[in-house]
Amino acid sequence: QVHLVESGGGLVQPGGSLRLSCVVTGSIFRINDMGWYRQAPGKQRELVASISSRGRVNYAESVKGRSTISRDNAKNTVYLQMNSLQPEDTAVYYCNADLDESLLSVPQTYWGQGTQVTVSS
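Residues numbered from 1 in each chain as written. Predicted model: local features only at pLDDT ≥ 70, side-chain atom pairs only at ≥ 80, totals over all residues. Heavy atoms only, no water.

(A) The pattern of salt bridges, seen in detail. Within this structure, the stated rule accounts for 5 salt bridges. Residues Arg38 and Asp89 are paired through a salt bridge, measuring 2.9 Å at the closest nitrogen-oxygen approach. Residue Arg38 is located in strand β4 (residues 30-39), and its partner Asp89 is located in the loop between β8 (77-82) and β9 (91-100); the two are separated by 51 residues in the primary sequence. Using a relative accessible area of 1% as the deciding quantity, one classes Asp89 as buried. Asp89 is paired through a salt bridge with Arg66; the nearest N and O atoms lie 2.8 Å apart. Separated by 23 residues along the polypeptide, Asp89 in the loop between β8 and β9 and Arg66 in the loop between β6 (57-59) and β7 (67-72) bring together distant segments of the chain. Each of Arg38, Glu46, Arg66 and Asp89 takes part in salt bridges that share partners, so that together they form one network. (Salt bridge = Lys/Arg side-chain N within 4 Å of Asp/Glu carboxyl O. Helix = DSSP H or I, 4+ residues; strand = E, 2+ residues; numbered from the N terminus. Buried < 20%, exposed > 50% of the residue type's maximum accessible area, 1.4 Å probe, protein only.)

Dropping the structure here:
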């Protein structure tokens, strides 16, 4: 079984920063792309940032320039550093990972349970 566990969410004032972490555990042969998504109340889940196994990154326009995604392959962990947070960044943040459980398996995408980020004064 594969599990993704996020941490680092919380309440932060506008202009503040947070660092989210997501560790992948379980039966893992290879982790391919990893990413962060968010879902605000009444809105669809949207991509925030993604990072390939080789470190190629992609950001949503709304967070570009104030967020950094990174990963530690030795720890099976992906991070999202968010700066200059604004109320519109308030959402549940989910990490996901596209991975192979074995050499012969088909890649599948797994999701974490989400962590709440609230930006408010």
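(B) Examining the nonpolar core more closely. Ranked by internal contacts, the top residues of the largest apolar core, which has 30 residues, are Trp36, Leu80 and Tyr93. When contributions to this core are tallied by element, the ones reaching two or more residues are β1 (2-7), β3 (18-26), β4, β5 (46-51), β8, β9 and β11 (115-119). When residues of this core are assigned to their parent elements, the largest contribution, 5 residues, is made by β9. (Core = buried A, V, L, I, M, F, W, Y, C linked by side-chain atoms within 4.5 Å.)

(C) The arrangement of the pairing of β5 in detail. Relative to β5, β4 runs antiparallel, the two being bridged by 5 bridges. Within β5, the residue paired with Trp36 across the bridge is Ala49. Two successive antiparallel strands, β4 and β5, enclose a turn made up of 6 residues, where Gly42 displays a positive phi of approximately 80°. The antiparallel hairpin formed by β5 and β6 contains 5 residues in its connecting segment, where Gly55 sits at a positive phi of about 95°. (Pairing = 2+ DSSP bridges.)

(D) Summary view of the pairing of β9. Within β9, 8 of the 10 residues are buried, which leaves the element mostly enclosed by the surrounding structure. In terms of strand pairing, β4 meets β9 through 8 bridges, oriented antiparallel. From the neighbouring strand, Ile31 faces β9, where its bridge partner is Leu99. For β9 and strand β10 (residues 108-111), the ladder comprises 4 bridges, and the chain directions are antiparallel. Its bridge partner lying in β10, Leu99 is registered against Gln108.

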